[in-house]
Amino acid sequence: MTEAGPITDAASTTAAQLDDFLENEYQHGFVTHVETDTVPRGLTEDTIRLISAKKNEPPFMLEWRLKAFRHWLTMSEPKWSAVKHPAIDYQDIIYYSAPKSMKNGPKSLDEVDPELLRTYEKLGVPLKEREMLAGVAVDAVFDSVSVGTTFKDKLGELGIIFGSFSDAVRDHPELVQKYLGSVVPPADNFYAALNSAVFTDGSFCYIPPGVRCPMELSTYFRINAKDTGQFERTLIIADEGAYVSYLEGCTAPVRDENQLHAAVVELVALDNAQIKYSTVQNWYPGDKDGNGGIYNFVTKRGDCRGKKSHISWTQVETGAAITWKYPSCILRGDDSIGEFHSVALTNNYQQADTGSKMIHIGKNTRSTIVSKGISAKRGQQSYRGLVKIMKSAEGARNYTQCDSLLLGDQCGAHTFPYIEVKNPSARVEHEASTSRIGEDQLFYCMQRGISAEDAVSMIVNGFCKEVFKELPMEFAVEAQALLSVSLEGCVG
Amino acid sequence: MLEIKNLQVQVEQKPILQGLDLTVNAGEVHAIMGPNGSGKSTLAQVLAGRDNYEVTGGSVEYLGKDLLALAPEIRAREGVFLAFQYPVEIPGVSNVYLLKAALNNVRKHRGLQELDAFEFMKLMKEKMKLMEMKQELLYRSVNEGFSGGEKKRNEILQMAMLEPKLAVLDETDSGLDIDALQIVAKGINALRSPERSIIMVTHYQRLLDYVVPDFVHVLSKGKIIKSGGKELALELEERGYGWLEPGADANKAASAGARATA
């Protein structure tokens, strides 16, 4: 190409083209060019041995993986959800990809390839010391490896362990062995079994007894390499009386092929401990015709193992072509509390089948589910939830609220609540509503000088307010902005 | 300020406005009265730019511009304000948030700096006092759970904040008790100025006792059939609209005759 480009291009940009541009805009769609260390496509026991060897894992870990793999071979994909997608060829996926520069294990963030650091900077998550986000410790996961963790030493002074899962397997094998798979067993479901066999990295966090973690802990997941699946494994343990607030963010480049992200997250809260887990999920959703995008098939479960323990899930799901996830709580300890607050948005051809499970086992256990679904264009969404009160759960209480908001007339919202009560003293409430953004509401805002797009995002944000207030401050702001971007081009 | 010529509007193929002419100069207050279904609210909605109203003929010039060519939000930013007959509820969006977004959009359009939180609150409190509104209404969701009177006062509050050049008040007096009516009237009167024009669409003369118009127009079957000064409103109060309808007496006679033969 010559220096002087065709100048007529700019002039011929019509309003329609601008619309297309707006609709396609996914702000984190860039690709980082780094040399990678990649295993061959496909999945066999040898692939797993190779992954385990690359990570210098102790023998118990390899055994655990192989056992999960052998079980996975006997399983088939779940068919009960409402999502539809072409068959996934599990032999056509690359199960491990890491930047070559990470191979020698940089000792500190100073030694990390600047190209990788730049990637996170671009995503708004600076890792370098002088630019770090105050009050938030970040573990940055790039494809199959953790690039680095900020504030690691400072947290270490309090006895808090926070870093990559791979490090934890090597440095704290006793904790990993004790808790890994204790909430989501390897054979739990098809995707969890696959994850257990091939998981590469994720975060590990342990808060010792009585410690209140002084900052937000967070993991930023980035899928970069082509045809690669990301199999994240996260394990968070809050020991007796401990408190931690953790959040995760996710993005990926724009690509025409679908990519698989099959994660497992396990939370364990012992007596009087509290874990707040927040997700802002913004995987590449595919283009406006439904090409490409991440399949986000995730198993997240928290175990309120101790008395008066408390686990809350807050999620804002705006990305991914397909989301299949049901963050759940097992309320084992007496007087324990489980919460689920969710905003899920499906635009264009996105599909989401999401909800929560609350399993009440202990006495006087309480749970709350607040689910807000927004569908635009051809987006399809299902809320699927289970509230199960076991015989032992004397005095258990649940409150569930599912609200759906529709934009346009081609989208869909569906609700599948399952309720099983085996103790007559239990109290279970379920409320559901479906509404459409009213023309009246839009016109009212526009008559006050607010553009249609701003009006939609204002109305949607109002609809989601109950959930956003559960997010840590900085992320509530980010979530609002994200929602606006994701809705761009769906009116007018 | 505003020049409406031969305006024809239909809704779902049904003609509502059928050749309406109206000129409003800066600083004037016009009252538009008329029986139900005469097209009063349609006029208000069309001026504000509502969809579903199809303009089939005529023109509307506002400050030298073709008003009908502007998008609703641009009209608002250019200074056209509609006080809604039925203010809309927006759950989860606080009153103060909506107002701030609205005001800053309008200011930006006029080349003014956006107000910071402090300046905004100062202005807000001043106007709330004028409208005798409780502070807590600021933080409640827009119009959600507001009483009828509170909703209408909220409309005038918004108008006071946005300082429009042309305000169209669509039955702002309906559903108000006498106390609320007086407060609303006080708010409107405070906004009267030589640079601002006000069109009040109303069914009753009641509001006009408190906000005295310069002109009164009677709308019937989509046309203005009589215009006059404030005394016309009093006459209407006394005699109703019937005497003004074109060929009113003949119609009455004809329908009576039809009934007799049935």
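Quick note: structure is the one above.
Nothing here was measured: the structure is a model prediction, and the numbers come from that model.

**Q** For this particular structure, what's the right way to read the overall build of chain B?
**A** Helix and strand counts for chain B stand at nine helices and twelve strands. Since a compact globule built from 262 residues should have a radius of gyration of about 18 Å, the 20 Å found for chain B is in line with a globular shape. Counting over 262 residues, chain B shows a buried share of 52%. Put simply, 68% of the contacts in chain B that link residues at least 6 apart link residues at least 24 apart. For chain B, the accessible surface area stands at approximately 12000 Å², while carbon and sulfur atoms represent 50% of it. Of the charged side chains in chain B, 32 are positive and 35 negative, and the gap between their average positions amounts to 1 Å.

**Q** Just to check I follow, could you spell out the interface of chain A and chain B for this structure?
**A** Accessible area lost during the coming together of the parts is what is often quoted as the interface size. Contacts between the two partners involve 18 residues from chain A, matched on the other side by 33 residues from chain B. Carbon and sulfur atoms supply 61% of the area that chain A and chain B bury against each other, a total of about 2100 Å² over both sides. The largest contributions to the chain A side of the interface with chain B come from Phe-443, Tyr-444 and Arg-448 of chain A, which together make up 37% of the buried area. Put simply, chain A and chain B have two salt bridges between them. The shortest N-O distance in the salt bridge between Glu-155 of chain B and Arg-448 of chain A comes to 2.7 Å. Across the contact surface, chain A and chain B share twelve residue pairs in polar contact (both at pLDDT 80 or more). Those elements that place two or more of their residues in the side of chain A that touches chain B are helix 10 (439-447) and helix 11 (452-468) of chain A. Ranked by residues supplied to the side of chain A that touches chain B, first place goes to helix 10 of chain A with eight residues.

**Q** Looking at this structure, I do not really get the packing of aromatic side chains. What am I missing?
**A** Here a ring pair, both rings aromatic, is described through the centre-centre distance and the interplanar angle of the planes. Residue and element names in this part refer to chain A. Tallied over the full model, the rule gives 20 aromatic pairs over all chains. Aromatic ring contacts, followed pair by pair, group Phe-69, Trp-72, Trp-80, Tyr-90, Phe-190, Tyr-191, Tyr-295, Phe-297, Trp-324 and Tyr-326 into a single cluster. For Lys-372, the ring lying beneath its charged end belongs to Phe-463, and the centroid distance is 4.9 Å. In this arrangement the basic side chain of Arg-448 is found over the ring face of Tyr-444, its NZ or CZ atom lying 4.9 Å from the centre.

**Q** Explain helix 4 (residues 59-73) of chain A here, please?
**A** Quick reminder: α-helices carry 3.6 residues per turn. Residues three or four places apart thus point the same way. All names here are of chain A. With 15 residues, helix 4 should cover 21 Å at 1.5 Å per step; its first-to-last C-alpha distance of 21 Å lies within 8% of that length. Along helix 4, the residues classified as buried are Met-61, Leu-62, Trp-64, Arg-65, Leu-66, Ala-68, Phe-69 and Trp-72. Here the buried face of helix 4 lies against helix 3 (45-54), helix 7 (165-171), helix 9 (190-198) and strand 8 (233-238).

Scoring rules and cut-offs
- Residues numbered from 1 in each chain as written.
- Chains lettered and ligands numbered in written order.
- Predicted model: local features only at pLDDT ≥ 70, side-chain atom pairs only at ≥ 80, totals over all residues.
- Heavy atoms only, no water.
- Helix = DSSP H or I, 4+ residues; strand = E, 2+ residues; numbered from the N terminus.
- Rg over C-alpha atoms; globule rule 2.2 N^0.38 Å.
- Buried < 20%, exposed > 50% of the residue type's maximum accessible area, 1.4 Å probe, protein only.
- Contact = heavy atoms within 4.5 Å.
- Areas by Shrake-Rupley, 256 points an atom, 1.4 Å probe, with all protein chains shown as cover.
- Lys, Arg positive; Asp, Glu negative; His and termini not counted.
- Charge placed at Lys NZ, Arg CZ, Asp CG, Glu CD.
- Buried area = accessible area lost by both parts, 1.4 Å probe.
- Salt bridge = Lys/Arg side-chain N within 4 Å of Asp/Glu carboxyl O.
- Polar contact = N/O pair within 3.5 Å; in protein donor to acceptor, adjacent residues only side chain to side chain.
- Phe/Tyr/Trp six-rings, centres within 6.5 Å; stacked < 30°, edge-to-face > 60°.
- Lys NZ or Arg CZ within 6 Å of the ring centre and 35° of its normal.
- Expected span 1.5 Å × (residues − 1).

Don't take any of this as a statement about function, it's just geometry.
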